[in-house]
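Chain residues, written in single-letter form:
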Amino acid sequence: MAAIGMCGTFDVENYGDLLFPLIAAHELRQRLPTPDLQKFSYFSKRAAQWPFDVVSLTEFAATVENLDGLIVGGGHIIRFDQDVAPGYLPPNNDLHHPSSLWLIPMLLALEQGLPVVWNAPAVYGDIPAWAAPLLTAALIGSKYIAVRDAASRQALMPFARDAEINIVPDTVFGIANLRDENISRECAALRQDIGLHKPYLVVQATVGLDAIARVLKKHAATFADYQVLLLPIGPVLGDAEKNIAHDFPTALRLPQWPNPLLLAELIGGAEAAIGISLHLAITALAYGVPVFRPQQSAHGKYGLLADFDTIHLFDNSSEISPQWLQQKLGKTALSVAVQKANAELKEHWDKVAAALNSSITRRVPACIRELWQKLPKAMETDFVFENKLSQAQNTIGHLRIEVADLRSSLSWRVTAPLRALAKFIQRLRNQRSTPTITAPHQTKSVAAIDIAAAGGIMQFEAIETCELRSEPYGWAAVEDLYSAQNAAALADTFPRDHYKAVKGYDGEKDYGYEARELVAMGSKAISHAADLSVAWQRLAADLLSPRYRAALSRLSGIDLSNLQMEANAFHYGPGAWLGPHLDLRDKIVTHVLYFNPSWNIADGGCLQILRSSSMRDAAHVVAPIVGSSALLVRSDKSWHAVSRVDPRCTESRRSVTVTFYRDHSVSTMWPPGDATPTHDYI
Ligand SMILES: O=C(O)CCC(=O)C(=O)O
Ligand SMILES: [Fe+2]
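Just so you know, these numbers come straight off a predicted model, no measurement behind them.

Rules and cut-offs
- Residues numbered from 1 in each chain as written.
- Chains lettered and ligands numbered in written order.
- Predicted model: local features only at pLDDT ≥ 70, side-chain atom pairs only at ≥ 80, totals over all residues.
- Heavy atoms only, no water.
- Helix = DSSP H or I, 4+ residues; strand = E, 2+ residues; numbered from the N terminus.
- Buried < 20%, exposed > 50% of the residue type's maximum accessible area, 1.4 Å probe, protein only.
- Contact = heavy atoms within 4.5 Å.
- Areas by Shrake-Rupley, 256 points an atom, 1.4 Å probe, with all protein chains shown as cover.
- Polar contact = N/O pair within 3.5 Å; in protein donor to acceptor, adjacent residues only side chain to side chain.
- Pairing = 2+ DSSP bridges.
- Right-handed = clockwise from strand over helix to strand, strands pointing away.
- Phe/Tyr/Trp six-rings, centres within 6.5 Å; stacked < 30°, edge-to-face > 60°.
- Near = heavy atom within 4 Å.
- Nonpolar A, V, L, I, M, F, W, Y, C, P; charged D, E, K, R; others polar.
- Donors = N, O, S within 2.8 Å, 3.2 Å for Na, K, Ca; no water.
- Axes fitted to C-alpha atoms, helices over the stretch in contact; angles between N-to-C directions.
- Salt bridge = Lys/Arg side-chain N within 4 Å of Asp/Glu carboxyl O.
- Core = buried A, V, L, I, M, F, W, Y, C linked by side-chain atoms within 4.5 Å.
- Domains from an automatic or database assignment.
- Parallel < 35°, antiparallel > 145°, perpendicular 65-115°, else oblique.

## Here's the deal with the overall build of the chain
- For the chain, the count of helices and strands is 19 helices and 25 strands.
- When each of the 682 residues of the chain is scored for burial, the buried share is 52%.
- Of the contacts formed within the chain by residues at least 6 apart in sequence, a portion of 76% connects residues at least 24 apart.
- When the accessible surface of the chain is totalled, it reaches about 31,000 Å², and 53% of it is carbon and sulfur.

In structure tokens:
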């Protein structure tokens, strides 16, 4: 029995991702004696709750020696960016994200002398310079490389030397081969349960399909012979019936997210498939079901669909003709293009099987030896660069302090009215372009849809179950504000844009810290939302939510519902501190959240809850670790401070303060007319 490893995103609720291993298992069974396909993804899954067992990639390095080959992909996984799916990160910090999903397993398999094959994945985004030697080793060491489109091939070519890169159709075109045409018992029972008796149209449970909803509603008599079934194709990407239930009030729904093969069967039995999803469209094509897609999403990876004549594009912002839609409904024989895709896939699986069947050398191949040889040099270069970078950061820090001095000088103040005017004009411009988080059905941008669908990132229960302390005054330490995975995402993507330098003086020398607006005083919008990671957009949306306010009201014992809120992010540089203070009277309640992935208490930078105005009189100390936070209720006793960050500390101390102000207060951080230019924090 051959143990074949397969790596990819097989642990997320996304239809296409779950089909890849099922199709691979089927095709390999036709070609290899007794293949045992072992799926690897970030998180382990058990077949009792998932379509198949999945082993965590945390175990890959230890188990690779028991494998006889490795299949990588498919899907959009050849990438180096962080945004594979909202909140999707490795289970621990030892796994690099996202190369641990594909590149690292390939190198580990190659090191064992195993055959490695690429199962038509696609490349997404840029390839960073540091990864070039690793990618080259993976490419030249692989037995068979196939990607899903020409753009992916193009992106890999510079790293492939003379390795051949094939382009093959997405393997989901082969879905119809997995079972015969008779309706399965499971599917028949499901149809019975949900009352699906007539010919039907499947509609992806996503926004952006309202033109279809309108035509079906307006011409209900024309389409009276059809039922509509809503399908969440990728819950992990935000598909949910609630997104469109109001547009399709009479549509049928599934009782739960089904096994992908059942989903495929439901799509294959429909008279039309309506949606955006690539794998919804490919499945429909594979069964001869016509596909209706908004022309607004015909680009990027969806370019793959351009060659197929039973894909019908409509303009979602205008009206669809009922005749146009009606004429195109109904299954047809497979188009020539689909037959061609299937023939190419047959050849693809022959090549995959042949590659996996090739002898295992169990010897370290030349590509890996070459990689080892280059490694110290690459690491040393990076190390020297990092040192130079931290020196440069120190210099920049000092320059900023000088700039801050200059700003507080007389000439700077004399020109303030002019800068205020410039800022006012800039604000007017921004008002037109600032993205805000709106209800999902009104939202167009992809990032915003993900946030709304993925919901909040904060574990509100942490606040809701915390108790206010009374010693030495009203305050609380709220821990575990996020899941471990989300905490890592927030720490990794702490904002670096739109900071202004704020100057401080500790009686001996100047230091600097940096502030970035997250929510402006009293605003309902996220500041510079487009520059935040998805995790941070979700966090900012949480800070604006009624649930957050209600939770803090309960904890603080003060009704915050009508107070103005402001939130800012901070980087405290080397030497920064905040002397003992009470907070301004207008700051009724402040919640300080921390975002350092780790922190050495010996480096200072900790919140001191003081019994008096003396720095030596600390009752409690809170380290700035992600997930921790402190709530301070302002009083005449609420003395607190931040201990001095060691001037040699190379990490910035990262925090967000959320402050609830008395009515009509103005922000002291961003006073009206303040024209301080902002910059990125390096
Ligand atoms: O960053 C902290 O821990 C405390 C900040 C603070 O006290 C303040 O902003 O008023
Ligand atoms: Fe404070």
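Right, picking up where we left off after that structure.
## Observations concerning helix α8 (residues 260-268)
- For α8, the buried fraction is high: eight of the nine residues fall into the buried class.
- For α8, the complete set of buried residues consists of P260, L262, L263, A264, E265, L266, I267 and G268.
- The opening residue of α8 is N259, an N-cap whose side-chain oxygen sits 2.7 Å from the backbone nitrogen of L261.

## Describing the pairing of strand β2 (residues 35-41)
- Pairing geometry for strand β1 (residues 2-7) and β2, over six bridges, is parallel. For I4, the partnering residue across the bridge sits in β2 and is L37.
- Regarding the hand of the β-α-β motif, the stretch spanning β1, helix α1 (residues 15-31) and β2 is right-handed.
- Relative to strand β3 (residues 54-56), β2 runs parallel, the two being bridged by three bridges. Pairing of F40 across the sheet is with V55, part of β3.

## A word on the packing of aromatic side chains
- Following the criterion strictly, the structure yields 14 aromatic pairs and no others.
- For the ring pair W536 and F595, a centre distance of 4.7 Å and an interplane angle of 55° mean the geometry is tilted. One end of the pair, W536, is in helix α18 (residues 534-543); the other, F595, is in the loop between β20 (587-594) and β21 (607-610), with 59 residues separating them in the sequence. Of the two residues examined, W536 and F595, each falls in the buried class.

## Describing the site of ligand 1
- Neighbouring ligand 1 are the residues L578, H581, D583, V592, Y594, L607, H640, V642, R653 and T657.
- Within the contact set of ligand 1, an oxygen atom lies 2.9 Å away from a side-chain nitrogen or oxygen of H640.
- In the model, an oxygen atom of ligand 1 is placed 2.8 Å from a nitrogen or oxygen of the R653 side chain.
- Protein contacts shield 91% of the accessible area of ligand 1, which totals 290 Å² for the unbound molecule.
- Those elements that place two or more of their residues in the shell around ligand 1 are β19 (578-581), β20, β24 (640-642) and β25 (653-661).
- Residues of the shell around ligand 1, tallied by class, amount to five nonpolar, three polar and two charged.

## Quick notes on the coordination of the iron ion (ligand 2)
- The protein atoms that coordinate the iron ion (ligand 2) are H581 (NE2), D583 (OD) and H640 (NE2), at distances of 2.1 to 2.2 Å.
- Mapped onto the sequence, the donors of the iron ion (ligand 2) take the spacing H-x1-D-x56-H.

## A few points about the sheet that holds strand β10 (residues 200-204)
- In spatial order, the strands read β11-β10-β12-β13-β14; together these five strands make up an open sheet with parallel pairing. Taken across any chain shown, the strands that pair with only one partner, and hence form the sheet edges, are β11 (227-231) and β14 (311-314). For this sheet, the mean inter-axis angle between neighbouring strands, taken without regard to orientation, is 25°.
- Taken together, the four bridges between strand β13 (residues 291-294) and β14 define a ladder with parallel strand orientation. Across the sheet, V291 pairs through a bridge with I311, a residue of β14.
- Set on the sheet, helix α9 (residues 278-286) makes contact with β10, β12 (272-274), β13 and β14; between it and β13 the angle comes to about 155°.

## Some points on the pattern of salt bridges
- Overall, the coordinates contain 20 salt bridges when judged by the stated rule.
- When the shortest N-O distance is used, the salt bridge between R516 and D497 registers 2.6 Å. With R516 in strand β17 (residues 510-519) and D497 in the loop between α17 (484-492) and β16 (500-505), the pair connects residues that are 19 residues apart, well separated along the chain.
- Among the charged side chains, a salt-bridge network with shared partners connects E27, R31 and D350.

## Here we look at the nonpolar core
- Core analysis: the largest hydrophobic core is formed by 90 residues, its most contacted members being I71, I175, L229, L231 and F248.
- No other element matches the nine residues that α1 contributes to this core.
- Residues lining this core come from more than one domain, with at least three contributed by each of domain 1 (2-119 + 121-167 + 343-364) and domain 2 (175-332).
- In this structure, L231 is in contact with V202, V203, Q204, A205, D239, L254, L263, L266 and I267, ignoring residues within four places of it in sequence.
- Counting 47 residues, the second largest nonpolar core, distinct from the first, contains L532, L543, A569 and F595.

## A short note on the packing of α17 against α18
- Interaxial distance between α17 and α18 falls to 8 Å at its minimum, and their mutual angle equals 105°. As summarised for this structure, α17 and α18 are arranged roughly perpendicular, according to the angle between their axes. Residues N486, A489 and L490 of α17 lie in contact with α18, whose contacting residues are A535, W536, R538 and L539.

## Comments concerning the sheet that holds β2
- The sheet built from five strands is open, its strands ordered β3-β2-β1-β4-β6 with parallel pairing. Here the strands that pair on one side only, and so sit at the sheet edges, are β3 and β6 (116-118). Taking each pair of neighbouring strands and ignoring which way they run, the sheet shows an average axis angle of 30°.
- Sheet strands touched by α1: β1, β2 and β4 (69-72). Its angle to β2, the strand with the most contacts, is close to 160°.

## A word on the environment of D126
- Inspection of the secondary structure assignment puts D126 in the loop between β7 (121-124) and α4 (132-141).
- Each C-alpha atom, one on D126 and one on A155, is 8.2 Å from the other, the two residues being 29 residues apart in sequence.

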